[in-house]
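# Descriptive structure summary
The chain contents come next:
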Amino acid sequence: MHSDNRSPLGLKLAAFGGLVFLLAPIALIFLYAFSTEEKSFQWPPPGYTLKWIGVTLGRKDVWEAMALSVKVAAISTSLALILGTLTAAAVARSKFFGRETISLLVILPIALPGIITGISLRSAFSLLDIPFSTWTIVLGHATFCIVIVYNNAVARFRRTSGALIDAAMDLGADGVQTFRLVILPNIATALLAGGMLAFALSFDEVIVTTFTAGNQTTLPIWMLEELVRPRQRPVTNVVAMAVVLVTVLPILAAYYLTKDGEHTAGSDK
Amino acid sequence: MTDAVTFQGVSRHFGSVKAVDEVDLSIRDGEFFAMLGPSGSGKTTCLRLIAGFEQPTAGHIAIFGERAEGVPPYLRNVNTVFQNYALFPHMNVRENVAFGLRVKGVGKAERSRAAEEALELVELSGYGDRRAGELSGGQRQRVALARALINKPRVVLLDEPLGALDLKLREQMQEELRKLQLALGLTFVFVTHDQDEALSMADRVAVFAEGKIQQIGTSEEIYRCPNTRFVADFVGSSNVLPADLAGVGDVGQWASLRPEDVVLDPAGREATVTGRFFHGRVTKLSLILAGQSLTALIPAREDTPDVGEAARISWDPARVHLMEREA
């Protein structure tokens, strides 16, 4: 067997090339956030400045879009945490007719192309005469947020031994106490991870939002519109940088939260 | 005196599966009661019926005279030591043990003190700050016991509590459990598939098969006078013989003869030796007598015939137990 630090040069180059291919565009976005040229992307940037950060902070439309995005992501995530956890509990804890079907149906929205979800929601809204509002966007986002929370929660429920719940009830804890003192602490990290992931996905969602937003502007939609305007281009880059930070950090946190605890809680086998 | 637990015609059916089928049972106050049987015989379901995790599909259960059907587990004065201990992984030992008091709203200082007391009882003082994951199997077992005892239950249910321990530790825990039960004067209901464990620890044993109780009695009664072939065979592997061959009873009845009651006797009947196994204390002989296979345990100091040779054997007819039922 050969050890890791002796991999062939070709393989090293390929890995390096892959990383450059994946990360260089992101690095460029960061770079152009500090460019002095505001009308086009020039290589190399003619000069560097911090003024765009100030300009961005001063633009009302950015703040409005940001506020809407945060609001939508927060509501969708909260909704998903409640509904996703309950569904996961039902599917993992009890056996009933059609359980596997429900499990599949819950996961389906994430397999479905966003454009299908978007179109179907839009036609449903117009059929039912529902005017576009924050809530229509929330509905669209909740479809995939629920799946994320559900997937995290169901895995943890399956790893948490049912005997723990029996033990809590046996020792005198009623349903609410059992949930608060035993179930919740055991699934908390999974919910936190699922919630963060859901928040990040909702925050940068474009396709479903396009169909369910009407003429409201979430942050990603704002960026899309901004790209066709000729002036103050680096502002978009500053916003992009902020979005990267807001979405990457929760995803990293989610990764570390679910990485540990591979053992089944409450069982010795 | 009111019995600790009574079952009246209790059944628990899962669809067409009769996990527990028309069981009548009374467990006396202060008794060490064992439920013995192979897996799937209904003994664990009976335990879960007492704990309240299952509800009977028919019949009545009473705990100290009070009707138990429909009463949820958390309202029963009964606590369980679970098979794999089911310690809460997010709590340390003290929090685990004190859980029962915490949900009752007992203050922190008071429950810490009570937990320490309970840990002392199971000889684990000073382990309060450890995590369940840092303990050995035997220690977890003790924590589970302390956790069940802290609510001062009148009935303690133990579901194969020693199954995961190695032989030596198991024997030690058997003794300690028995001592603790006598000292506290509590009713222990103990589920096991290990007949040695049941016979050596319990005041009375109920032998389960296929959802029904085959026999209830003291260890001696069960061992000496098994009333069905199943009990004779499951408890201490008996020779089940036609009664006329055993020399008692009538044709058509069946008799149980313990292997250790078969003796080598020059004046006895002739059997053929088909197997010979030296076990140290005893030599186990597999024999064929009049077409019937038979096992004998002969003290090791005696000379035994070799495989293929003839052995003359006999037994004291008083040692033969005639069974009431064949099944």
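The structure reproduced in this document is the subject of the present report. This structure is a prediction, so every number in the text was calculated from the model and none was measured. (Residues numbered from 1 in each chain as written. Chains lettered and ligands numbered in written order. Predicted model: local features only at pLDDT ≥ 70, side-chain atom pairs only at ≥ 80, totals over all residues.)

### Observations regarding the environment of N227 of chain B
All names here are of chain B. As a reminder of what qualifies: Only DSSP runs of H or I covering at least 4 residues are called helices, and only runs of E covering at least 2 are called strands; the numbering of each starts at the N terminus. Put simply, a residue is buried when 20 or more other C-beta atoms lie within 10 Å of its own C-beta and exposed when 12 or fewer do; between those, it is partly exposed, and each C-beta is set from the backbone.
Note on placement: N227 falls in the loop between α7 (219-224) and α8 (229-234). For N227, a count of 21 C-beta atoms within 10 Å gives the class buried. Remark: the alpha-carbon pair of N227 and W254, spanning 27 residues in sequence, is separated by 9.9 Å.

### Observations regarding helix α6 (residues 134-159) of chain A
Residues and elements named next belong to chain A. How we decide: In a helix, the anticipated span is given by 1.5 Å times the number of residues less one. Values of bend correspond, residue by residue, to the angle between axes fitted over the seven residues ending at that residue and the seven starting there.
The end-to-end C-alpha distance of α6, which contains 26 residues, comes to 37 Å, matching closely the 38 Å that a straight helix rising 1.5 Å per residue would cover. Largest kink in α6: about 35 degrees, centred on A142. A large share of α6 lies buried, amounting to 19 of its 26 residues.

### Side note on the nonpolar core
Note the threshold: Any nonpolar core is a set of buried residues, restricted to Ala, Val, Leu, Ile, Met, Phe, Trp, Tyr and Cys, that join up through C-beta atoms within 7 Å. By definition, residues are in contact whenever their C-beta atoms, placed on the basis of the backbone, come within 7 Å of each other.
Counting residues in hydrophobic clusters, the biggest one holds 145 residues, and the most contacted among them are I50, A146, V189, F190 and V207 of chain B. With 14 residues, the top contributor of residues to this core is helix α8 (residues 175-203) of chain A. Aside from chain neighbours lying at most four places away, what touches I50 of chain B is V5, I61, V78, L157 and V189 of chain B.

### Notes on the interface of chain A and chain B
For the record, the criterion: Throughout, the ten residues Ala, Val, Leu, Ile, Met, Phe, Trp, Tyr, Cys and Pro are labelled nonpolar, Asp, Glu, Lys and Arg are labelled charged, and all others, Gly among them, are labelled polar.
The interface of chain A with chain B comprises 19 residues on the first partner and 19 residues on the second. Ranked by the residues each element gives to the side of chain A that touches chain B, the list is headed by helix α7 (residues 162-170) of chain A, at six residues. Residue composition of the side of chain A that touches chain B, grouped by class: nine nonpolar, six polar and four charged.

### Describing the sheet that holds strand β13 (residues 263-278) of chain B
All names here are of chain B. Where we set the bar: Note on pairing: DSSP must find at least two bridges between two strands before they are called paired. Structural elements are reduced to axes, namely lines fitted to C-alpha atoms, with helices fitted over the stretch in contact, and the angle between N-to-C directions of any two is expressed from 0 to 180 degrees.
Pairing is antiparallel in the open sheet, where four strands are placed in the order β15-β14-β13-β16. Pairing within the sheet leaves two strands with one partner each, and these edge strands are β15 (292-299) and β16 (310-314). Sheet twist, expressed as the average angle between the axes of neighbouring strands with direction ignored, equals 50 degrees. Bridge count for β13 against strand β14 (residues 282-289) is six bridges, and the pairing is antiparallel.

### Considerations on the pairing of β13 of chain B
All names here are of chain B. Where β13 meets β16, six bridges bridge the pair, whose relative direction is antiparallel. The residue of β16 that forms the bridge with V263 is S314. From the end of β13 to the start of β14, which pair antiparallel, there are three residues, and G280 there has a positive phi angle of about 95 degrees.

### Things to note about the environment of T218 of chain A
Residue and element names in this part refer to chain A. Examined against the element boundaries, T218 turns out to sit in the loop between α9 (207-212) and α10 (219-226). Judged by the 29 C-beta atoms lying within 10 Å of it, T218 is buried. Remark: the alpha-carbon pair of T218 and T134, spanning 84 residues in sequence, is separated by 9.8 Å. In this view, T218 contacts A65, L68, S69, V72, I137, T209 and A213; residues no more than four positions away in its chain are not counted.

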